[in-house]
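The primary structure of each chain is shown beneath.
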Amino acid sequence: MNGILIIDKPQDYTSFDVVAVVRGCVRERKAGHTGTLDPMATGVLPILLGTATKVQSLLPDTDKEYEAFFRLGLTTDTLDITGKVLHETTACHTSADIEALLPQFRGDILQKPPMYSAVYKNGVRLYELARQGIETEREARPVHISRLELLQFDEATQSGRLQVICSKGTYIRSLCDDIGQQLGCGGVLTALRRVRACGYTIAQATPLAEIRRLAPEGQEAFIPLLRPVDSVFAEFPCVRVSEKQAQRFRNGAPLLLSRLKSLSTPVQQTFYRVYAPDGCFLGIGEPSMATEELLVKKLFDKN
């Protein structure tokens, strides 16, 4: 089975847990995911099946969208509600207080990875050090937050909900902690729901429980839920080639850019989706300006 299943990940499952469940239900040995989602988080988790597992190294760097639930007046070692409480205080902030801070977190910012993260430090993952009670210096990393809005805030409970649209590598836990630190009372992430990732939305996602329910019906039951492999590359421009060119591409040979009639000009320095005359997705091509050729980057159809 080849394609992509968009799963609505339940809470308390790791991304690998979800892969294991899907692999068993759809009976496909080759399975993977497009990026880790923390166990406490729910929402969009694309699962790659069959030949789709080859897309991982070519995934477009698309923004992700989250709904982040937070609480002020509390700090933990993990920066979320699951961690050990380090400090608790009475917070008395308003929506206006929070909204006044948000502009400084929009756009290009530097963010320090939390200790409980999978980032490597001297060959060791930070969470492994954190579990030993070791805290080490971490270099702040550039991330981009294109949208950050306060959707809801309850002054009685000092709890609220944020909409966050951000680049890959952004830590929402760190964002909530930073907002709390700026307010002088601390803050933690209490729940996280990813509503968009890799171009797929929560409306396209299937609950994991439904995947389990369909399992006894066999692979045919999953076909209506399966997204084609090329859907993950939707933001790349496409080019349709002739039958002879398709065969050359399938054999791994480059194609002359000047012979590609459907190629828009000027040629972009990006990856291209390559299709045969019948619409079959062949793979990803990469233009070489030096040789004026479209090189084979990854094949998905070899016939």
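For the structure, see preceding data.
Residues numbered from 1 in each chain as written. Predicted model: local features only at pLDDT ≥ 70, side-chain atom pairs only at ≥ 80, totals over all residues. Heavy atoms only, no water.

Visitor: Mind laying out unusual backbone geometry, listing which residues take part and the relevant values?
Guide: Phi at Asp12 is positive, roughly 70°, even though this residue is not glycine. Mapped onto the elements of the fold, Asp12 is located in the loop between β1 (3–9) and α1 (15–26). Residue Asp12 is classed as exposed on the basis of its relative accessible area of 62%. Here the phi dihedral of Gln158 falls at roughly 55°; this positive angle occurs in a residue that is not glycine. By the element assignment, Gln158 lies in the loop between β10 (141–154) and β11 (159–166). (Helix = DSSP H or I, 4+ residues; strand = E, 2+ residues; numbered from the N terminus. Buried < 20%, exposed > 50% of the residue type's maximum accessible area, 1.4 Å probe, protein only.)

Visitor: Outline the pairing of β11, supporting the account with residue identities and numerical values.
Guide: Put simply, side chains in a regular strand alternate between the two faces of the sheet. The buried fraction of β11 amounts to seven of the eight residues, a majority that puts the element mostly inside the structure. Here eight bridges tie strand β4 (residues 64–72) to β11, and the two strands are oriented antiparallel to one another. What sits directly across from Arg71, in β11, is Ser159. By the bridge criterion, eight bridges tie β10 to β11 in an arrangement that is antiparallel. Bridge pairing in β11 places Phe153 opposite Gly160. Here β10 hands over to β11 after four residues, with Gln158 in that stretch at a positive phi of 55°. (Pairing = 2+ DSSP bridges.)

Visitor: Please provide a residue-by-residue account of the pattern of salt bridges, values included.
Guide: Throughout the structure, instances matching the rule amount to ten salt bridges. Across the pair Arg161 and Glu67 runs a salt bridge, and its minimum N-O distance is 3.5 Å. Taken together, the positions of Arg161 in strand β11 and Glu67 in strand β4 put the pair 94 residues apart, joining distant regions of the chain. Measuring nitrogen to oxygen at the nearest pair gives 3.8 Å for the salt bridge that ties Arg106 to Glu149. On the criterion of sequence distance, the pair formed by Arg106 in the loop between α2 (95–101) and β7 (107–111) and Glu149 in strand β10 is long-range, its members being 43 residues apart. What makes Glu149 partly exposed here is its relative accessible area of 27%. (Salt bridge = Lys/Arg side-chain N within 4 Å of Asp/Glu carboxyl O.)

Visitor: Just give me the short version of the packing of aromatic side chains, but keep the residues and values in it.
Guide: For the structure on display, the rule yields seven aromatic pairs. Considering the side-chain rings of Phe233 and Phe236, the 5.6 Å spacing of their centres and the 15° angle between planes classify their relative orientation as stacked. Both residues of the pair, Phe233 and Phe236, belong to the buried class. Pairing Phe233 with Phe281 gives two aromatic rings, centres 6.3 Å apart and planes at 40°, and the pair type is tilted. Of this pair, Phe233 sits in the loop between α5 (208–214) and β15 (238–240) while Phe281 sits in strand β18 (residues 281–288), and the two are 48 residues apart along the sequence. When sorted by exposure, Phe233 lands in the same class as Phe281, which is buried. Put simply, the rings of Phe233, Phe236, Phe271, Tyr275, Phe281 and Phe300 pair up and form one aromatic cluster. Cation over ring: Lys54 sits above Phe300, and NZ or CZ is 5.1 Å from the ring centre. (Phe/Tyr/Trp six-rings, centres within 6.5 Å; stacked < 30°, edge-to-face > 60°. Lys NZ or Arg CZ within 6 Å of the ring centre and 35° of its normal.)

Visitor: Pulling in residues and values, what's your account of helix α6 (residues 243–250)?
Guide: Restricting attention to buried positions, one finds in α6 the residues Gln245, Ala246, Phe249 and Arg250. Taken around the axis of α6, the buried residues stretch over an arc of 140°, which confines them to a single face. Along its buried surface, α6 packs onto β16 (255–256), β17 (272–275), β18 and β19 (293–299). Remark: Gly252 follows α6 within two positions and exhibits a positive phi of approximately 90°. (Arc of directions from axis to C-beta. Contact = heavy atoms within 4.5 Å.)

Visitor: Quick rundown of the side chain of Gln163? Include the residues and the values.
Guide: On the secondary structure map, Gln163 appears in strand β11. There is a polar contact of 2.7 Å between the side chain of Gln163 and the side chain of Arg147. Contacts of Gln163, omitting those with residues within four sequence positions, involve Glu65, Tyr66, Arg147, Leu148, Glu149 and Leu151. (Polar contact = N/O pair within 3.5 Å; in protein donor to acceptor, adjacent residues only side chain to side chain.)

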